[in-house]
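Structural overview
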Amino acid sequence: MKRTSLFVLLANCIAASAAMASPNLISNGDFSSYYTASQGGWTNFGIPTGWSGITGQIDNATVYQGAMRFATSGPRNVTRDKSYIFQSFTVADAGSYQLTFDFLLNNVSSGTGYNGAKIYLDNMYGSAPGVTPVVSPNIVFSRTYSDEYQAILRNGLAPNTWHLAQSVLLELTAGQHTLYLSSGGMDLASSAASVSFDNVVLAQAGGTVPEPDLAILLTSGLLLVGVMRGRFSRR
């Protein structure tokens, strides 16, 4: 009886932990999965799985050292340069959702000031003058090269530093949405500047997204409960 109660308690705890976890609505937000493609005589060795916007001929936007990097050196080559990727996702229940991510602005002093780490939701571009209905870009996060450079000069921020676990609260309606990760554009001249994103997570506010190790632990615990109950039932 005590063994049975223990098994039930363990199973209930595991189930409760799983129930409290909110799924990440963004796939491959850590950019651990990517592939190689060639097009127009060029090859991109790091196209992120699950994201759209870049092809084999793009050579400035690629997965590099485990993160999504946009090199912004200009002027722009319309064939080979791209300043954003995007992913569509579906929200089942309207409400508050937490977007978290890491970003890095590298060599900002050489880049054009208005470029940088920018995130858009649904609308990345505004409508042309005179076009109705009027659509405005919906930018939910921005940190420009100029912002970063000022923080380095005035606040003592170490250059080329990752900004970890940045957080933005979004109010989302039920249905399909699109998230854009962008560098803003290409620099006006040749530069060594770049923008990187990593660990992008979008989950319902108030819940937690289980780490991979926790998910494995929960699954292993349930399997162990089943095996042990089977052994005791045969005794």
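Residues numbered from 1 in each chain as written. Predicted model: local features only at pLDDT ≥ 70, side-chain atom pairs only at ≥ 80, totals over all residues. Heavy atoms only, no water.

A tally of helices and strands in the chain yields three helices and 11 strands. In sequence order, the chain lays out its α and β elements as α-β-β-β-β-β-β-β-β-α-β-β-β-α. Within the chain, counting contacts between residues at least 6 apart in sequence, those at least 24 apart form 72% of the total. Summed over its atoms, the accessible surface of the chain is roughly 12900 Å², and 56% of this surface lies on carbon and sulfur atoms. (Helix = DSSP H or I, 4+ residues; strand = E, 2+ residues; numbered from the N terminus. Contact = heavy atoms within 4.5 Å. Areas by Shrake-Rupley, 256 points an atom, 1.4 Å probe, with all protein chains shown as cover.)

Under the criterion given, the structure shown has nine aromatic pairs. Members of the aromatic cluster, connected to one another through ring pairs, are Y84, F86, Y125 and Y180. Sitting over the face of the ring of Y64, R69 holds its NZ or CZ atom 4.1 Å from the ring centroid. Above the ring of Y84, the side-chain terminus of K82 is found at 4.9 Å from the ring centroid. (Phe/Tyr/Trp six-rings, centres within 6.5 Å; stacked < 30°, edge-to-face > 60°. Lys NZ or Arg CZ within 6 Å of the ring centre and 35° of its normal.)

With 35 residues, the main nonpolar core has L99 and L181 as its most contacted residues. No other element matches the five residues that strand 6 (residues 95-106) contributes to this core. Setting aside residues up to four positions removed in sequence, L99 forms contacts with I119, Q166, S167, V168, L170, L179, V200, V201 and L202. (Core = buried A, V, L, I, M, F, W, Y, C linked by side-chain atoms within 4.5 Å. Buried < 20%, exposed > 50% of the residue type's maximum accessible area, 1.4 Å probe, protein only.)

Attention shifts here to the pattern of salt bridges. One side chain can pair with another of opposite charge once the charged atoms of both are near each other. What the rule picks out here adds up to two salt bridges. For R80, the salt bridge is made with D59, and the minimal N-O distance between the two is 3.3 Å. Of this pair, R80 sits in the loop between strand 4 (67-71) and strand 5 (84-91) while D59 sits in the loop between strand 2 (42-48) and strand 3 (61-64), and the two are 21 residues apart along the sequence. With a closest N to O distance of 2.8 Å, R143 and E148 form a salt bridge. (Salt bridge = Lys/Arg side-chain N within 4 Å of Asp/Glu carboxyl O.)

Taken in spatial order, the five strands of this open sheet run 3-4-11-6-9, and their pairing is antiparallel. Looking at the sheet topology across the chains shown, the edges are occupied by strand 3 and strand 9 (162-172). Adjacent strand axes in the sheet meet at a mean angle of 30 degrees, parallel and antiparallel pairs treated alike. Inspection of the sheet shows strand 6 paired to strand 11 (residues 194-204) by nine bridges, in the antiparallel sense. (Pairing = 2+ DSSP bridges. Axes fitted to C-alpha atoms, helices over the stretch in contact; angles between N-to-C directions.)

Attention now goes to the environment of T178. Within the element layout of this structure, T178 appears in strand 10 (residues 175-182). Look at T178 and you get buried, because its relative accessible area is 15%. Along the backbone, T178 and D122 are 56 residues apart, and their C-alpha atoms lie at a distance of 4.7 Å. In contact with T178, other than residues within four places in its own chain, are F86, Q87, S88, F89, Y120, L121 and D122. Within the structure, the side chain of T178 is placed 3.0 Å from the side chain of S88, a separation counted as a polar contact. (Polar contact = N/O pair within 3.5 Å; in protein donor to acceptor, adjacent residues only side chain to side chain.)

All right, on to the side chain of D187 then. Topologically, D187 is positioned in the loop between strand 10 and strand 11. Buried charge D187 goes without a salt bridge, the closest partner of opposite sign being K118 at 9.9 Å. (Lys, Arg positive; Asp, Glu negative; His and termini not counted.)

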